[in-house]
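So the chains spell out like this:
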2 protein chains.
Amino acid sequence: MTALGENAQRAAKLMAKAETAQKNAALVAIADALEQSRDQLKQKNAVDLKAGEEKGLDAALLDRLALTDARIDTMIEGLKQIATLSDPIGEISDMSYRPSGIQIGRMRVPLGVVGIIYESRPNVTADAAALCLKSGNATILRGGSEAIHSNQAIAACIRQGLENASLPADAVQVIETTDRAAVGALLQMKDSVDVIIPRGGKGLIERVSNEAKMPVIKHLDGICHVYIDEFADKQKALDVAFNSKTQRYGTCNTMETLLVSDKVAADILPDLAKMYVDEGVELRGCEKTGELLKNIKQAEAADWDTEYLAPILSIKIVDDLDQAIEHINQHSSQHTDSIITENYTHSRRFLREVDSSSVMVNASTRFADGFEYGLGAEIGISTDKFHARGPVGLEGLTSLKYIVLGDGHTRA
Amino acid sequence: MTALGENAQRAAKLMAKAETAQKNAALVAIADALEQSRDQLKQKNAVDLKAGEEKGLDAALLDRLALTDARIDTMIEGLKQIATLSDPIGEISDMSYRPSGIQIGRMRVPLGVVGIIYESRPNVTADAAALCLKSGNATILRGGSEAIHSNQAIAACIRQGLENASLPADAVQVIETTDRAAVGALLQMKDSVDVIIPRGGKGLIERVSNEAKMPVIKHLDGICHVYIDEFADKQKALDVAFNSKTQRYGTCNTMETLLVSDKVAADILPDLAKMYVDEGVELRGCEKTGELLKNIKQAEAADWDTEYLAPILSIKIVDDLDQAIEHINQHSSQHTDSIITENYTHSRRFLREVDSSSVMVNASTRFADGFEYGLGAEIGISTDKFHARGPVGLEGLTSLKYIVLGDGHTRA
């Protein structure tokens, strides 16, 4: 593991000064290598799938593990798309003259070495490597043990692509052992790993947050809210609240709790509840909701802090905007929260006062995503405030240094 | 300590939505309170100074501890100046429409609760509190035990100013105990303290980095370089190299190692050496430097990694730009490094390839400072890449959240 860290550091220095065309060529070469290795990828994936079945992995896990042709296509497409994004590295901004005569600005630089720890989806290997490569970083990848053969096959394509573009093959290293202790060792390597990004279940993310000696980019939960304000447009409320819950159930930006102003609950909730029930969503309501919608389950205290990732929704009727904001700031996981309102002042207050990484007006929480935000791709979503916040794309994998241009200037 | 953290969290929520005028009024009210308490501040400071003398603190420490009229003036001036800076909180940037129809941008938000641990200078109490206040954060301050009476007197003025402006007095809390264990407890409080900023000697900063459970903004050393390139203008080289070393010896942005291209060493070094020696600077040279400048001390390996903070300078003659960049990236503390050159390509390569938080061309390293950079003030200098890098002003105490504006938009 120490050698791995040193190799990554050396590669990072070369990646930091790699030319844009060279990085783009590597991305395209990796895509080509994946295309040419399509059969091999599927063979190696079959080994993992067989082992997974024998080990008794459940159907959802096996599905995430599978490298179908469609998923290989998506990986290839993703690499080519990242090649078309503009290179953030070396970007200079905010140049201005100071009264002393010096000219000062900032230049975007890579973070250095990015460690990524992820679970069963082997496509993360290519996606994460591509984002780190484009942003001039070196990467150490540690995938799930159940995907080890698939990941190694993808890693071989990545090395080949890097070498084709005359970039250091060690710019992307995949940890080859499935030994769990390797993760522990990686999390201690603060001198050679600049940031760790865990992607996976809550258990993994909690372990990484607690043990890592270096900074971590992460989100633990996605407990997202939609608040239907007293000044909501009814149709927009129905559309957004329905879409936020039902467009996909298992994603972190899915709404888990619906808040409704008591001024409009009687008008909107029965219609909305019918839409949910028709879709097969189980509703759990506060006391007032229960009075309005007969035959629904009563929400317990724990419901307000639960990420269901399932067709279940908790509903609470609140007195006003203040109570809605208070509920959100107390129970939200600071991922994404949305207000439905036509009121100017309420929309401004919600945007300012809700302390989450994405705050929305009249839009579905499902939009909280790197692609939807125009970042090109995302390496994860951060619910922390330090460094990156919200969907993290190329920019979140970089930093800014100051540059100062003078003409022999000295300080008086 | 737990109560302190909870109070800070509560205050942070109110500070986050405080109006700009209210924050500015508080800053001015604190300045007024300091002015009105001038005699009391000096009396309390005299208690600290007397105790320090009895304890046998050295002259430099006692000097830093002293609250003279001039220093009180500077504190008051600093507060008023921060009141005039524009408010970063709520600033919206990068608003644009996406093909889906949503409009997306980012809003600047406070970090939350900032912990600051510092040593003897009591004026840090006012400076740090002012920056955190303006940036909408709550602060927990822990000053040196030798300044406890001075710090408490300043803290009383701060509370008074906050209350005058109807802001929560707990927005700035000073830890009242001098018990060293309180620092240990503070460093564990990751649920209530969002970031820690240590200001002081290397021992303090190392302790904080190692023990803190939350992110840390810090720099350990200031080992800064000036490289006189083969294409340097001689007069600029003399001016900048002399100023970078001698303008002040004890600051972190002072040059500690001078690198000189062997193409120009014979022309420039003897004149420069005479300037240093006349000023009382001890020179320590590599072998080649020794051949050129008779009678100077030979540098040892440790010299290239030493922050002298004193009238001592190590000098190394290098073959070319590559060797200069390599030396800097190996020995620099990533604080500030400057090249003296008239060559376009060399200047561009130095700016891109030197991996430090401030990189300069033809300018004195002494410019690396929040005031000189136009940040208004600085809370410290970060040599890390995560979050803030270089001098940290108001912006480094903030984060960005995404805001999304729609019109009933749902995700397809």
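Summary of the structure given here. All values derive from a computational prediction rather than experimental measurement.

Brief notes about the pairing of strand 1 (residues 92-97) of chain B
Residue and element names in this part refer to chain B. Counted residue by residue, strand 1 has zero buried out of six residues, so it is predominantly exposed. Bridge count for strand 1 against strand 2 (residues 103-110) is four bridges, and the pairing is antiparallel. Its bridge partner being in strand 2, Ile 92 is matched across the sheet by Met 107. Hairpin connection of strand 1 to strand 2: five residues between the antiparallel strands, including Gly 101 at a positive phi of 105 degrees.

Overview of the interface of chain B and chain A
Counting from both sides, the interface comprises 56 residues of chain B and, opposite them, 56 residues of chain A. Those elements giving two or more residues to the side of chain B that touches chain A turn out to be strand 2, helix 10 (234-246), helix 14 (344-353), strand 13 (358-363) and strand 16 (398-409) of chain B. With 11 residues, the single largest contributor to the side of chain B that touches chain A is strand 16 of chain B. Broken down by class, the residue content of the side of chain B that touches chain A amounts to 21 nonpolar, 19 polar and 16 charged. Bridging between strand 13 (residues 358-363) of chain A and strand 16 of chain B involves five bridges; their strand directions are parallel. Counterpart to Met 360 of chain A in the pairing with strand 16 of chain B is Val 404 of chain B.

Quick word on the packing of helix 10 (residues 234-246) of chain A against helix 11 (residues 265-279) of chain A
Residue and element names in this part refer to chain A. Packing of helix 10 against helix 11 leaves a shortest axis separation of 10 Å and a crossing angle of 30 degrees. As helix 10 runs across helix 11, the sense of the crossing is right-handed. Contact residues: Lys 234, Ala 237, Leu 238, Ala 241, Phe 242, Lys 245 and Thr 246 in helix 10; Asp 267, Ile 268, Asp 271, Leu 272, Met 275, Tyr 276 and Glu 279 in helix 11. Here the residues of the contact of helix 10 with helix 11 sort into eight nonpolar, one polar and five charged.

What about the relation of the copies chain B and chain A?
Laying chain B over chain A is done by rotating through 180 degrees and shifting 0.0 Å along the axis; what remains is an RMSD of 0.1 Å. Considering both components of the superposition, the chain copies are consistent with a two-fold axis. Distance from the rotation axis, computed per C-alpha, reaches its smallest value in chain B at His 387 of chain B: 1.9 Å. The residues that chain B uses at the interface reappear at the interface of chain A in 100% of cases, marking a shared surface.

Here we look at the environment of Thr 341 of chain B
Residue and element names in this part refer to chain B. Along the chain, Thr 341 falls in the loop between strand 12 (336-340) and helix 14. Classification of Thr 341 by C-beta neighbours within 10 Å gives buried; the count is 24. For the pair Thr 341 and Ser 120, spaced 221 residues apart in sequence, the C-alpha to C-alpha distance is 40 Å. Contact partners of Thr 341, with chain neighbours within four places excluded, come to Asp 229, Phe 231, Ala 232, His 346, Ser 347 and Val 361.

A few points about the pairing of strand 12 (residues 336-340) of chain A
Residue and element names in this part refer to chain A. Burial within strand 12 is extensive, with five of its five residues counted as buried. Of the two faces of strand 12, the one holding Thr 336, Ser 338 and Ile 340 and the one holding Asp 337 and Ile 339 are both buried throughout. When strand 12 meets strand 13, the two strands line up parallel, connected through four bridges. Paired with Ile 339 across the bridge in strand 13 is Val 361. With helix 14 (residues 344-353) bridging strand 12 and the parallel strand 13, this β-α-β connection has right-handed handedness.

Thoughts on helix 10 of chain A
Every α-helical turn comprises 3.6 residues, leaving residues that sit three or four positions apart pointing alike. End to end, helix 10 of chain A covers 18 Å across 13 residues, agreeing with the expected 18 Å (1.5 Å per residue, within 8%). Considered for burial, the residues of helix 10 of chain A that qualify are Lys 236, Ala 237, Val 240, Ala 241, Asn 243, Ser 244 and Lys 245 of chain A.

Points about the packing of helix 5 (residues 69-84) of chain A against helix 6 (residues 123-134) of chain A
When two helices pack together, their arrangement is given by the angle between the helix axes and by the axis-to-axis distance. All names here are of chain A. One way to put it is that helix 5 packs onto helix 6 with a least axis distance of 10 Å and a crossing angle of 5 degrees. In terms of axis orientation, helix 5 runs roughly parallel to helix 6. For the pair helix 5 and helix 6, the contacting residues are Arg 71, Thr 74, Met 75, Gly 78, Leu 79 and Ile 82 in the first and Asn 123, Ala 126, Asp 127, Ala 130, Leu 131 and Lys 134 in the second. Across the contact of helix 5 with helix 6, the residue classes break down as six nonpolar, three polar and three charged.

Some remarks on the sheet that holds strand 2 of chain B
Spatial ordering of the open sheet is given by 10(A)-9(A)-11(A)-8(A)-7(A)-12(A)-13(A)-16(B)-2(B)-1(B), a layout of 10 strands whose pairing is mixed. Two strands lie at the open edges of the sheet, namely strand 10 (297-298) of chain A together with strand 1 of chain B, each paired on one side alone. Inspection of the sheet shows strand 7 (residues 224-228) of chain A paired to strand 12 of chain A by four bridges, in the parallel sense. Along strand 12 of chain A, the bridge assignment pairs Tyr 227 of chain A with Ile 339 of chain A.

Observations regarding the environment of Thr 84 of chain B
Residues and elements named next belong to chain B. Here Thr 84 is to be found in helix 5 (residues 69-84). Residue classification places Thr 84 among the exposed residues on the basis of 10 C-beta atoms within 10 Å. Sequence separation of Thr 84 and Leu 27 is 57 residues, and the distance between their C-alpha atoms is 9.7 Å.

With respect to the sheet that holds strand 13 of chain B
Strands belonging to one sheet form pairs held by backbone hydrogen bonds; the direction of such a pair is parallel or antiparallel. Pairing is mixed in the open sheet, where 10 strands are placed in the order 1(A)-2(A)-16(A)-13(B)-12(B)-7(B)-8(B)-11(B)-9(B)-10(B). The open sheet has two edge strands, strand 1 (92-97) of chain A together with strand 10 (297-298) of chain B, and neither has a second partner. Pairing of strand 8 (residues 255-261) of chain B with strand 11 (residues 312-318) of chain B involves five bridges; the strand directions are parallel. Its bridge partner lying in strand 11 of chain B, Thr 257 of chain B is registered against Ser 314 of chain B. Packing against the sheet, helix 11 (residues 265-279) of chain B makes contact with strand 7 (224-228), strand 8, strand 9 (282-285) and strand 11 of chain B, and its axis sits at approximately 155 degrees to strand 8 of chain B. Helix-sheet contacts for helix 14 of chain B involve strand 2 (103-110) and strand 16 (398-409) of chain A together with strand 12 and strand 13 of chain B, and the interaxial angle to strand 13 of chain B is about 155 degrees.

Observations regarding the environment of Leu 85 of chain B
Residue and element names in this part refer to chain B. Residue placement: Leu 85 occurs in the loop between helix 5 and strand 1. Judged by C-beta crowding, with 18 C-beta atoms within 10 Å, Leu 85 ranks as partly exposed. Ignoring any residue separated from it by four or fewer positions in sequence, one finds Leu 85 in contact with Lys 134, Gly 376 and Leu 394.

Calculation criteria
- Residues numbered from 1 in each chain as written.
- Chains lettered and ligands numbered in written order.
- Predicted model: local features only at pLDDT ≥ 70, side-chain atom pairs only at ≥ 80, totals over all residues.
- Buried ≥ 20, exposed ≤ 12 C-beta atoms within 10 Å, placed from the backbone.
- Helix = DSSP H or I, 4+ residues; strand = E, 2+ residues; numbered from the N terminus.
- Pairing = 2+ DSSP bridges.
- Contact = placed C-beta atoms within 7 Å.
- Nonpolar A, V, L, I, M, F, W, Y, C, P; charged D, E, K, R; others polar.
- Axes fitted to C-alpha atoms, helices over the stretch in contact; angles between N-to-C directions.
- Left-handed = near helix turned anticlockwise from the far one by under 90°.
- Least-squares fit on C-alpha atoms with pLDDT ≥ 70 in both.
- Right-handed = clockwise from strand over helix to strand, strands pointing away.
- Expected span 1.5 Å × (residues − 1).
- Parallel < 35°, antiparallel > 145°, perpendicular 65-115°, else oblique.

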